[in-house]
Amino acid sequence: MTPPLQNMLLILDDDEIFLRRLERSMQKKGFNTICASSISEAKNLVITHNITHALLDLRLEDGNGLDIVDALHNKDDTTRMVVLTGYGAIATAVAAVKMGAIEYLSKPSSDAQDIFNALMGIEGDVPKLSDTPMSADRVKWEHIQSVYEKCDRNVSKTARQLNMHRRTLQRILAKRAPND
């Protein structure tokens, strides 16, 4: 399935090499692409372009990709959005889908074909369930992420809720999820 050329794809990622590689891959698959490496840049592109599809990194230097999910959904609720992140958590996946994203993929494991399939709504393989439970570190990390989302991604409010020092929480939030 090839998208018509009038489809405008916004790619938001602060990893310049990954951004350009993904841009070339999606152009080969028939998309017109525009790229942003910051939340502020992406917000400007949302205002000035008719975006039909979006690939959004979750964590950027100047904010959270969920802000762009919200902005795109408010402008046109038919925009197909896929969130890509190396910081996957159940809470952020649920928040992204509730806000209007159609898919939540981890990177770097997602390849261009998986991303294209998600953008176009092509069903892929159902992920296999793990035979082992999550590690205690992963359960703790998921809980922190859940509280962080419930506190509207406010670090100070989350730290108070969890009864932990704000700087400690910031260090935890800056790290990737522990392996299961």
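Structure: above.
Cut-offs applied
Residue positions are counted from 1 within each chain, in the order its sequence is given. Note on the predicted model: pLDDT of at least 70 is required for a residue's local features to be given, and 80 or more for side-chain atom pairs to be given and counted; whole-chain, interface and lining totals, by contrast, use all residues. Values shown for side chains rest on all heavy atoms present in the structure; no hydrogens or waters enter the calculation. Note that patches include only residues with greater than 30% relative accessible area and no salt bridge, and the join distances are 9 Å for like charges and 5 Å for nonpolar side chains (Val, Leu, Ile, Met, Phe, Trp, Tyr). The accessible surface values rely on the Shrake-Rupley method and a 1.4 Å probe; as for residues, cover is taken only from the protein chains in view. Take a side-chain nitrogen of Lys or Arg and a carboxyl oxygen of Asp or Glu: if they are within 4 Å of each other, that pair is a salt bridge. Charge convention: Lys and Arg are scored as positive, Asp and Glu as negative, and His as well as the terminal groups of each chain are ignored. Think of each charge as sitting on NZ of Lys, CZ of Arg, CG of Asp or CD of Glu. Residue exposure (1.4 Å probe, protein chains only): buried if accessible area is under 20% of the type maximum, exposed if over 50%, otherwise partly exposed. By the criteria applied, helices consist of DSSP H or I runs no shorter than four residues and strands consist of E runs no shorter than two, each listed in order from the N terminus. The criterion for strand pairing is that DSSP finds at least two bridges linking the strands in question. By definition, the crossover connecting two strands over a helix is right-handed if that path, from the first strand to the second, turns clockwise as seen with the strands pointing away from the viewer. In this description, a line fitted to the C-alpha atoms serves as the axis of each element, helices being fitted only across the stretch in contact, and the angle between N-to-C directions of two axes falls anywhere from 0 to 180 degrees. The contact criterion used throughout is that any non-hydrogen atoms of two residues lie within 4.5 Å. Starting at the helix axis, one direction is taken to each C-beta atom, and the arc is that of these directions. We call a set of buried Ala, Val, Leu, Ile, Met, Phe, Trp, Tyr and Cys residues a nonpolar core when their side-chain atoms join them within 4.5 Å.

Asker: Looking at this structure, how should I read a negative patch on the surface?
Answerer: A grouping of Asp14, Asp15, Glu61 and Asp62 is seen on the molecular surface, where their side chains present a negatively charged patch. Given a relative accessible area of 39%, Asp62 falls into the partly exposed group.

Asker: Would you explain the pattern of salt bridges in this entry?
Answerer: Note on pairing: side chains with opposite charge can pair once their charged atoms come close. Evaluation of the coordinates by the stated rule reveals four salt bridges. Notably, a salt bridge pairs Arg20 with Glu16, separated by 2.8 Å at the nearest N-O pair. With Arg20 and Glu16 both in helix H1 (residues 16-28) and four residues apart, this pair spans about one turn of that helix. Two residues, Arg153 and Asp67, come together in a salt bridge whose shortest N-O distance is 2.8 Å. Residue Arg153 is located in the loop between helix H6 (136-150) and helix H7 (155-162), and its partner Asp67 is located in helix H3 (residues 66-75); the two are separated by 86 residues in the primary sequence. Each of the salt bridges in this network shares a partner with another, and the network as a whole consists of Glu16, Arg20 and Glu23.

Asker: Would you take a moment to explain the pairing of strand S2 (residues 32-36) for this structure?
Answerer: One face of the sheet, then the other: side chains in a regular strand alternate in exactly this way. In terms of residue burial, S2 counts as a mostly covered element, since four of its five residues are buried. Here five bridges tie strand S1 (residues 8-12) to S2, and the two strands are oriented parallel to one another. Its bridge partner being in S2, Leu9 is matched across the sheet by Thr33. Since S1 and S2 lie parallel, the crossover through H1 that links them has a hand, and here it is right-handed.

Asker: What is the right way to read unusual backbone geometry from this model?
Answerer: Most peptide bonds take the trans form, and the phi angle of most residues other than glycine is negative. A positive phi angle is found at Asp152, which is not glycine, with a value near 55°. Along the chain, the position of Asp152 falls in the loop between H6 and H7. The exposure class assigned to Asp152 is exposed, which follows from its relative accessible area of 62%. Positive phi outside glycine occurs at Arg153, with the angle close to 60°.

Asker: Is there a simple way to explain the sheet that holds strand S3 (residues 53-57) in this structure?
Answerer: In sheet architecture, strand pairing relies on hydrogen bonds along the backbone and comes in two forms, parallel and antiparallel. Taken together, the five strands give an open sheet; going across it, the order is S2-S1-S3-S6-S7, and neighbouring strands pair in parallel fashion. Of all the strands in the sheet, the pair left with one neighbour each is S2 and strand S7 (103-106). The sheet shows a mean angle of 20° between the axes of neighbouring strands, direction not considered. Of the strand pairs in this sheet, S1 and S3 are connected by four bridges, and their pairing is parallel. Considered in S3, the bridge of Leu12 is made with Leu56. Contacts from H1 reach S1, S2, S3 and strand S6 (80-85) within the one sheet, and its direction differs from that of S2 by about 170°.

Asker: Mind showing me how you'd approach H3 here?
Answerer: In an α-helix there are 3.6 residues to a turn, and that puts residues three or four apart on one side. Among all positions of H3, only Leu66, Ile68, Val69 and Leu72 are buried. Down the axis of H3, the buried side of the element spans an arc of 155°, and every buried residue falls inside it.

Asker: Whenever I open this one, the nonpolar core confuses me. Can you help?
Answerer: Generally speaking, soluble globular proteins have nonpolar side chains that are buried together. Judged by nonpolar contacts, the single largest core of 25 residues is most densely connected at Leu10, Leu12, Leu56, Ile68 and Leu72. Those elements that provide at least two residues to this core are S1, S2, helix H2 (39-48), S3, H3, S6 and helix H4 (90-99). In this structure, Leu9, Val82, Phe116 and Met120 belong to the second largest nonpolar core, which totals 17 residues.

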